[in-house]
Structures are given as structure tokens and as C-alpha cells.
Amino acid sequence: MQKKKVLFSKKLVMALVIMIMLSFSFIQAPVADGQVMRLACKYGDSRSLDAHRATGSQDRLVVGLVFNGLLRYQPGNLSADAIEPDLAIAVPSPKILADGRQQWVFKLRPGVMTHPYDGNPGYELTSEDVVYSLRRAADPKRSSFAVDYSGMTFEAVDKYTVQVTVDQPISAFLFLPKFANRGGGLIVAKKAVEEKGNDWFKTHPVGTGPFVFERYIPREKVVLTRNARYFRGAPKLAGVEWYYMPNVSSREMALQKGELDVIEGPKEQAWGEKLAKMPGVVVDFINSAETITAHFNMTVKPLDQLKVRQAICYAINRKEFVAVYGPDVSSEIYSVVPVGRMIAGLTKQEVAKENLVYDYNLAKAKKLLAEAGYPKGFKLDVFTSESTTYKRAYELLQAQLRRIGIDVKLSVVDHSTFHARIRQNLNPIVFYACMRPNPDVILTQFYSSAAIVVTGKKAKTNFSHIGGVDADGDGKIDSVDDLIVKARLASDPNQQVALWKEAQLELLRKAVSYPVITVGYLFARSPKVEWGYKMVIITDGPNPTEVTTINK
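Scoring rules and cut-offs
Residues numbered from 1 in each chain as written. Predicted model: local features only at pLDDT ≥ 70, side-chain atom pairs only at ≥ 80, totals over all residues. Heavy atoms only, no water. Buried < 20%, exposed > 50% of the residue type's maximum accessible area, 1.4 Å probe, protein only. Helix = DSSP H or I, 4+ residues; strand = E, 2+ residues; numbered from the N terminus. Arc of directions from axis to C-beta. Pairing = 2+ DSSP bridges. 1 Å grid on protein atoms, 1.4 Å probe; cavity = no way out; pocket = protein on both sides within 12 Å on 5 of 7 lines; lining within 4 Å. Points joined across faces, edges and corners; volume = space filled by probe spheres on them. Nonpolar A, V, L, I, M, F, W, Y, C, P; charged D, E, K, R; others polar. Phe/Tyr/Trp six-rings, centres within 6.5 Å; stacked < 30°, edge-to-face > 60°. Lys NZ or Arg CZ within 6 Å of the ring centre and 35° of its normal.

Regarding helix H8 (residues 269–276), the residues found buried are Gln269, Trp271, Gly272 and Leu275. Buried residues of H8, seen end-on, are gathered within an arc of 160 degrees and therefore sit on one face of the element.

Written out as C-alpha cells, the structure reads:
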């Protein structure tokens, strides 16, 4: 009987704590009026505001304002070392089960409220929403991030406890980013999705983040308002208006007129230096682990020949790419994992030991083309995104390949079309600018056979088709799948890094892709904007948080 009384008392105390926290959430008084931050990106429109379909930079930034993860990257610092609790109250540690599987347990914050939607005032987010979200993120029919959650099962233990079981144990370094506030780790409001449907949800996102979706006007803007019930405290900004303005001159003019507070610039140092000279304008040069890599589609002739791809590699001049983007915002890289920004990146010296640097050498490039049967070069139809970052890269590639007789016919499509068509296997050479959180994600998404576009079991962004083709002409399918899996499961950190490096060297041996440069971000803003956090390393762009202000 005494034991039952103690148990009852504990439950009563817990219930009171939850009621107090819930009450706090409900009764937060409206904060004083703040400013509406008006930001403009370089893209023409949104592709999807569904948390699990937001793959473009313009969409990731918006959903980052609307949704939370169980964990989050500290604002302004997108590195694994900067992961901290978000909807969870602590960063979990794993335990190994008797059957060899691995288990992680997340304890949720009680009292977190979802945003209101379509007449529904919102409700308390629980483990039911979290499990629904994670299963949705793992479903390729509803998510673009399903491959990240392969071999995982999700279970609601109780209202505030979620258990994740992993078939093959992995390190915290690889596990935790999958549950942070980016990609598949974003938690959606289950009731909103189920009641309104996935099609509705992609233009009416409902989460728990600092800003509440109000409306979307195609090819114009997304309007968000302050979430007065936000669990970290109501934002100081009254709202955010996110504009789609592909014309950089229009963005510049609007900033100078005071019609915008923050604008995205092209990733070019010269642009930043020009804007910095304007009165009333501050330019942020922001470091990033974002890379630009050229992926060669080995299903397209004559790129199916190793010597042709090697010739292209020798014709690419990294220094000219750095000159275009600027030395303060870009730097040469020699492996697909950027050295100095992420573990397991290869230095130039490490790559040089294997004779795989592919330093600019036109004579060698022409010799390889001749040996491949193309002494006078060939023609290649390639398309680029309207995005300045991509367009500049393709235009420079076009000029560089002309030097060895390769005539690149370049056409321009809007950014959304570019991303759709490269996933349909329609581009012979795919420049891809992106940041991924760790070497496993980079190698899995771009080089595992399962991720081959169109035909892969979990088709993602393997544009080269490594793992599905004979890359070196010896009659055998070439793959780095085994190295990727071994590295993922390695318990010894040194062995894991060695395997990741070997996988990257193998990609260079087969000239599957060509790592070109890292690029940072340039944003121009009013000096009245105070982000409220230090920018260490970011991707996509800076995001306002609950502490961001615009001084009057």
C-alpha cells in the first residue's frame, strides 16, 4: 500500500508540473509589437514547404522557421559539435540491446504547442506526433530524406518518451544529425497532415517553431507571424516576410529603399565588396561547408569512358573558380568531403600521394581525349539553373572545356526545374552546390548504388551512377558501397575516417566526380538588423530566431 502511495504521489507531482508548463504556454501574454523582417532570396519561387520535401535552400530556410527537431544546431553553427536539445529535453546516449541492436531514448518537453491551422487552435505536441513525423520522414513516398532513416524503428513509449531502435549500431556523430532541425529531423503536427492531406501541407506547413505560417503567394512571398506560444519565448520580431526575387538588381534596389531588411547575394566576393560601400548597408561574409562538385553522368556517352572524364578533370582549373567567387568566400578542395570543414576531408598532399589531384593540365587533357578517340573533342548539351551560383559555374566550365575542344551547349532553366530534371537523369554533367552534415551522408546520398537517380532503390542524388555502371572499362560494376557501409558501422573512429578517405580516393581514381571549391554565403542587410547569435558556419543562409531584432 505504501509503495502505491509513493507511486501515486510521483504521478501527481508530474501531472502538476505538466499542468504548470501547459498553463505557461497558454497564458503567455502577447509581447510588445516588434518589426516584421523582410528578407529576399535569389530564387523565383518555393518548391515545397512540406518539412520532409523541402530540399531547396529557399524552402529549407522557411521550414526552419516553422518547425523544430528533437535536437537542433545552435543558431549560426551547423556542425555536429553544436547539436543541443530542442523538442527533447536532453541529447540522448545509446545503449546496446541483448540482440545487438542499438536503442536511443528521447524525452520530450511537455507543453509544446503546435501552431493553429485552418480553424484548429493547435494542440500539445506529444510522442504521437514525433513518431508519426519520423515514420513519415522514413517513407520515400512522403519524404525526400527516407534513406537517412533506413534500418530504424520508432516507438512512442509514453506521452513524452520516444524510443528509436537501430538495426546496426552507429556512432552519435552519425545518429544525432538525423534528429536535428534539418531535413527529415523536422517534427510535423500529425493532426494537421492527416486532416488536411499532404498536398495541402506542402503549401500550409504546421509545426511548433518560432514563426507561424500565415500565407503563401506563389512566386511572390511567404508570410509568417510571431508564435506567441513558442516554448523558447515569443519572438521579438512580429513576423517574417520571405520574398522570392531572382533578380539581384531588384533586391539591391529594394534594400537601398528600405523596402527589404536582408537580401541574399550571389556567392561572389566582388558583389559583397560593392554592396559594403553603399551607405546604410552591412554585408555578412559567412563561412560554409558548402561545396561545389561536378558529377559526371557515366550513362551518357562519351562520359562513360574513364579517359574522357579524366580529360575533363584536367581541363578544369580550380583557381579560376576561386577567382570568380572570390578568395574570401571560396577555396579549392580535393575531395568531396571538404577538408578543414569536416572530418575525413582529404588534403591536397594526401591526394597527391595517389596522383589524383587532377591539377589543371591542358596537354594531359588533350592527350587523354585523343586516346579515348576524341582528338577534336565533342559536343555536349548541358543545362544550368538560373541561380547565379550554378550559372557562373557552368559558364566557366563551358569556357574551360572549350580549350580542349569540348563544345558545351548551355541552356538555362529555373532553379526548381533544374533540380527536378537532374533527378530525372537528364544532365550529362551536374554541378551540385550543397552542404551535408557528415561524410556518411555525403557518400551515401551521392555515391551509394541505392541513391542512383531514377533507378536506385532509394533514389537520391547519385548523378554519376557509380555502383550501377562499369566506371573503368574492365567489364565489372564499380562501387564504393562496401566502404560506405563499413565506415558507417565502424566503432573505431580512426578506422571510420580511414574508410571514408579510401572511399573518396576510389571515387577520384574512377573520376566519378570532380570536387571543385567550397563556397560561403553573402547577405547584405540593414545595420538595424541584429541576428542575436554569432555566425560560425551555416548553410542556405542566416535565419531569424526568437531573439532576432530590428532596431528602430
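We are not done yet, so read on.
On to the sheet that holds strand S8 (residues 161–166), then. Strand order in the open sheet formed by four strands is S5-S6-S8-S7, with antiparallel pairing between adjacent strands. Both outer strands of the open sheet, strand S5 (95–96) and strand S7 (152–158), are each paired with one neighbouring strand and no more. In this structure, S5 lies alongside strand S6 (residues 102–107), joined through two bridges in antiparallel fashion. Residue pairing for S6: isoleucine 96 is matched across the bridge by glutamine 102.

Taken as a whole, the largest pocket holds about 720 Å³ of empty space. Surrounding the largest pocket, 35 residues form its lining, Thr55, Ser143, Ser144, Phe145 and Lys460 being those nearest its centre. Of all the secondary structure elements, the ones that give two or more residues to the lining of the largest pocket are helix H2 (57–66) and helix H15 (439–447). Looking at side-chain class alone, the lining of the largest pocket contains 14 nonpolar, nine polar and 12 charged residues. Here the second largest pocket defines a volume of roughly 500 Å³. Contributing to the lining of the second largest pocket are 24 residues, with Val147, Ser150, Thr444, Val485 and Arg488 lying nearest its centre. Among the elements of the structure, H15 and helix H16 (481–489) are those that each provide at least two residues to the lining of the second largest pocket. Take the lining of the second largest pocket: its biggest share by element is five residues, from H16. Taken together, the residues of the lining of the second largest pocket break down into 10 nonpolar, six polar and eight charged.

Next up on the list: the packing of aromatic side chains. All told, the structure shown has 21 aromatic pairs when counted by the stated rule. With a centroid separation of 5.9 Å and an interplanar angle of 85 degrees, the aromatic rings of tyrosine 149 and phenylalanine 179 are classed as edge-to-face. In this pair, tyrosine 149 is assigned in the loop between helix H3 (127–137) and S7 and phenylalanine 179 in the loop between helix H4 (172–175) and strand S9 (186–187), connecting sequence segments 30 residues apart. Grouping residues by exposure puts tyrosine 149 and phenylalanine 179 together as buried. For the ring pair phenylalanine 446 and phenylalanine 463, a centre distance of 6.4 Å and an interplane angle of 50 degrees mean the geometry is tilted. Here the residue phenylalanine 446 occupies a position in helix H15, and phenylalanine 463 occupies one in the loop between H15 and H16, the gap between them amounting to 17 residues. The class of phenylalanine 446 is buried, set by a relative accessible area of 3%. Among the aromatic residues, ring-to-ring pairing joins Phe321, Phe383, Tyr390, Tyr394, Phe418 and Phe431 into one connected group. Above the face of the tyrosine 123 ring, lysine 191 is positioned so that its terminal group lies 4.4 Å from the ring centre. If you follow arginine 421 out to its NZ or CZ, it ends over the ring of phenylalanine 383, 4.3 Å from the centre.

In short, geometric facts, not functional conclusions.
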